[in-house]
Amino acid sequence: MTLWVLGLNHQTAPVTLRERVAFAGEALPAALDALRALPQVSEAALLSTCNRTELYALADDATPLVQWLAAHGEGLDTYLYRHRDAEAVRHLFRVATGLDSMVLGEPQILGQVKDAWALAREHQALGNGLDRLFQQAFAVAKRARTDTRVGANPVSVASTAVRLAQNSFARLSDSTVLLVGAGETIELAARHLSEGKVRRLLIANRTLAHAQALASQHGGYALPLDELDRHLAEADVVFSATAAREPVISRAQVAQALTRRRHKPMMLFDLAVPRDIEASVADLADAYLYTVDDLERAVEENRRSRRQAADEAEAIIDLQVARFVETLQAAPRQEPLKRLRAYGETTRRDALEKAQAQLANGRDPAQVLEQLAHTLTNRLLHPPTAALREAALRGDTELTRAAERLFPAKAPYSHATLPDDADPAP
């Protein structure tokens, strides 16, 4: 089996393509089930955020994975990146650490990777291979963020958008801001807006209770999404990030709101993929629409300032990738040891059950212990003894030399050299 990573992100594909393969809400478990059911795929995980959609899989061939992802939109296959084995490991480590994010070092991606791992485990799409890979990715991300300053002064797309709004014509202290949605991105935006002393904060969401909970934390006003038309004109700045598959704010709604505002300018930040705001809103004279792709230019300064810390984190990742790949390559060589220990455990369990049965029947404990020790010795030593005897008859010096390395002649094999509570097996 080969480890594969296939996907597209903000660096390889525009938002118009990324939104075709954005899986959220109920669509995500269904997509994961379909992915796991592909031929030749033994394990799979699916990571879908506003900036990336990636498949992680153990599969004989990447072709079914490419075909499955490309089926969601014509021409998508030309935008896909593909990594295998060591490069796939490196990619996940960089993603989890925030080195592959639009905002370098942003902390939200690690939580999103953990969510993808948890969902894959819940749907029994993970085996030992991918589970171990994700667990190691979490450890690497934690170490990189602890040992370097790549996570210092953490920022996010939400905070970048708020900062852009602060530096524009719409000062927060004089502005009404409308948040659409109640997920993590909107929660981050609400926190930054509250810290920025926004004059008035409106939060609209399909589930009113979620909007009310967020509004109570940040001094805002909650309203149901179906009342958006009534309040849109009040907003100087709009942030939208829902999991809707279709736009929740149309050009007609914004045009009507601008008319009611007597064409006072409005800033709109569409932080969702698929997009929440119709792209044609950008054509309106007094509407200033920014998508997640537009924000990439705004975060370039942040990327430059964190480059040294990122280089240090890359060095940590290089070392951890090498160690993890060594572990993977050594796994097949561990099979004889696993079989040996399994044989020893089965032998121990069988002998112990018989001894317990004999004690239950009233047999003398000393005799039971003597027989238990005798049985374990005979059963554990019989296979290697028979193999060595046969090797000696055949002149198989390789096996006899291996036995000499395992049991050197000068080694004292007695209970005196081993503490009573020691575990002789590694």
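- Per an unreviewed UniProt entry, the recorded name for the protein is Glutamyl-tRNA reductase, and the organism is Pseudoxanthomonas winnipegensis.
- Turning to the protein, the UniProt annotation filed under Sequence similarities (unreviewed entry) states: "Belongs to the glutamyl-tRNA reductase family."
- The Subunit (unreviewed entry) comment attached to the protein in UniProt states, word for word, "Homodimer."

1. Side note on the sheet that holds strand β1 (residues 2-9)
Turning to step 1, where the next piece is worked out: Pairing is antiparallel in the open sheet, where 4 strands are placed in the order β2-β3-β1-β4. Of all strands in the sheet, those with a lone pairing partner are β2 (41-48) and β4 (81-84), marking the two edges. Each strand of the sheet is rotated relative to its neighbour by a mean of 15°, with strand direction disregarded.
Turning to step 2, where the next piece is worked out: Helix α3 (residues 63-70) contacts β1, β2, β3 (52-59) and β4 of the sheet and is inclined by roughly 155° relative to β3.

2. Overview of the pattern of salt bridges
Turning to step 1, where the next piece is worked out: Applying the stated criterion across every chain yields a total of 20 salt bridges.
Turning to step 2, where the next piece is worked out: We note a salt bridge from Asp293 to Arg18, for which the minimum N-O separation is 2.9 Å. With Asp293 in helix α12 (residues 292-298) and Arg18 in helix α1 (residues 15-18), the pair connects residues that are 275 residues apart, well separated along the chain. Comparing Asp293 with Arg18, the two get one shared label, buried.
Turning to step 3, where the next piece is worked out: Arg94 is paired through a salt bridge with Glu314; the nearest N and O atoms lie 2.8 Å apart.

3. Considerations on the pairing of strand β6 (residues 200-205)
Turning to step 1, where the next piece is worked out: Counted residue by residue, β6 has 5 buried out of 6 residues, so it is predominantly covered.
Turning to step 2, where the next piece is worked out: Judged from the 5 bridges that link them, strand β5 (residues 176-180) and β6 form a sheet pairing that is parallel. Along β6, the bridge assignment pairs Leu178 with Leu202.
Turning to step 3, where the next piece is worked out: Where the polypeptide runs from β5 across helix α8 (residues 184-195) and back to β6, its parallel neighbour, the crossover connection is right-handed.
Turning to step 4, where the next piece is worked out: Chirality of the crossover, the property in question, places the unit of β6, helix α9 (residues 208-218) and strand β7 (residues 221-224) among those that are right-handed.

4. Focus: the packing of aromatic side chains
Two aromatic rings are characterised by how far apart their centres lie and by the angle between their planes.
Turning to step 1, where the next piece is worked out: The final tally for this structure, using the stated rule, is 7 aromatic pairs.
Turning to step 2, where the next piece is worked out: Ring geometry for Tyr56 and Phe134: centres 5.6 Å apart, planes at 70°, overall edge-to-face. Of this pair, Tyr56 sits in strand β3 while Phe134 sits in helix α6 (residues 128-147), and the two are 78 residues apart along the sequence.
Turning to step 3, where the next piece is worked out: Judged by centre distance (5.2 Å) and plane angle (15°), the ring pair of Phe269 and Tyr290 falls under stacked. Placement of the pair is Phe269 in strand β9 (residues 266-270) and Tyr290 in strand β10 (residues 287-291), with a sequence separation of 21 residues.
Turning to step 4, where the next piece is worked out: Judged by its relative accessible area of 25%, Tyr290 falls in the partly exposed class.

5. Some details on α3
Turning to step 1, where the next piece is worked out: Of all 8 residues making up α3, 6 are buried, and the element is well covered by its neighbours.
Turning to step 2, where the next piece is worked out: Pro64, Leu65, Val66, Trp68, Leu69 and Ala70 are the residues of α3 that are buried.
Turning to step 3, where the next piece is worked out: Residues of α3 that are buried in the fold lie against β1, α2 (27-36), β2, β3 and β4.

6. Side note on the sheet that holds strand β8 (residues 237-240)
The strands making up a sheet are joined through hydrogen bonds of the backbone, oriented either antiparallel or parallel.
Turning to step 1, where the next piece is worked out: As summarised here, the arrangement of the 6 strands in space is β7-β6-β5-β8-β9-β10, forming an open sheet in which the pairing is parallel. The open sheet terminates on both sides in strands that have one partner only, identified here as β7 and β10. Strand after strand, the sheet turns through a mean of 20° between neighbouring axes, direction not considered.
Turning to step 2, where the next piece is worked out: Bridge count for β5 against β8 is 4 bridges, and the pairing is parallel. In the strand pairing of β8, Val177 is matched with Val237.

7. Focus on unusual backbone geometry
Turning to step 1, where the next piece is worked out: Here the amide bond leading from Val273 into Pro274 is cis, since omega sits at 0°, within 30 degrees of zero.
Turning to step 2, where the next piece is worked out: Mapped onto the secondary structure, Pro274 falls in the loop between β9 and β10.
Turning to step 3, where the next piece is worked out: The backbone of Arg262 sits at a positive phi, close to 55°, despite the residue not being glycine.
Turning to step 4, where the next piece is worked out: On the secondary structure map, Arg262 appears in the loop between α11 (251-260) and β9.
Turning to step 5, where the next piece is worked out: A residue is classified by how much of its surface remains accessible, and Arg262, at 76% relative accessible area, is exposed.
Turning to step 6, where the next piece is worked out: In this structure, His263 is a non-glycine residue whose phi angle is positive, near 65°.
Turning to step 7, where the next piece is worked out: The topology assignment puts His263 in the loop between α11 and β9.

8. As for the packing of α8 against α9
Turning to step 1, where the next piece is worked out: Two elements in contact, α8 and α9, have axes whose closest approach is 10 Å; the angle formed by their N-to-C orientations is 25°. The pairing of α8 with α9 is recorded here as roughly parallel in orientation. The way α8 lies across α9 gives a crossing that is right-handed. Contact residues: α8 offers Ile186, Glu187, Ala190, Arg191 and Ser194, while α9 offers Leu214, Gln217 and His218.

Thresholds applied
Residues numbered from 1 in each chain as written. Predicted model: local features only at pLDDT ≥ 70, side-chain atom pairs only at ≥ 80, totals over all residues. Heavy atoms only, no water. UniProt positions renumbered as here; feature names shortened; annotations may be inferred. Pairing = 2+ DSSP bridges. Helix = DSSP H or I, 4+ residues; strand = E, 2+ residues; numbered from the N terminus. Axes fitted to C-alpha atoms, helices over the stretch in contact; angles between N-to-C directions. Contact = heavy atoms within 4.5 Å. Salt bridge = Lys/Arg side-chain N within 4 Å of Asp/Glu carboxyl O. Buried < 20%, exposed > 50% of the residue type's maximum accessible area, 1.4 Å probe, protein only. Right-handed = clockwise from strand over helix to strand, strands pointing away. Phe/Tyr/Trp six-rings, centres within 6.5 Å; stacked < 30°, edge-to-face > 60°. Parallel < 35°, antiparallel > 145°, perpendicular 65-115°, else oblique. Left-handed = near helix turned anticlockwise from the far one by under 90°.

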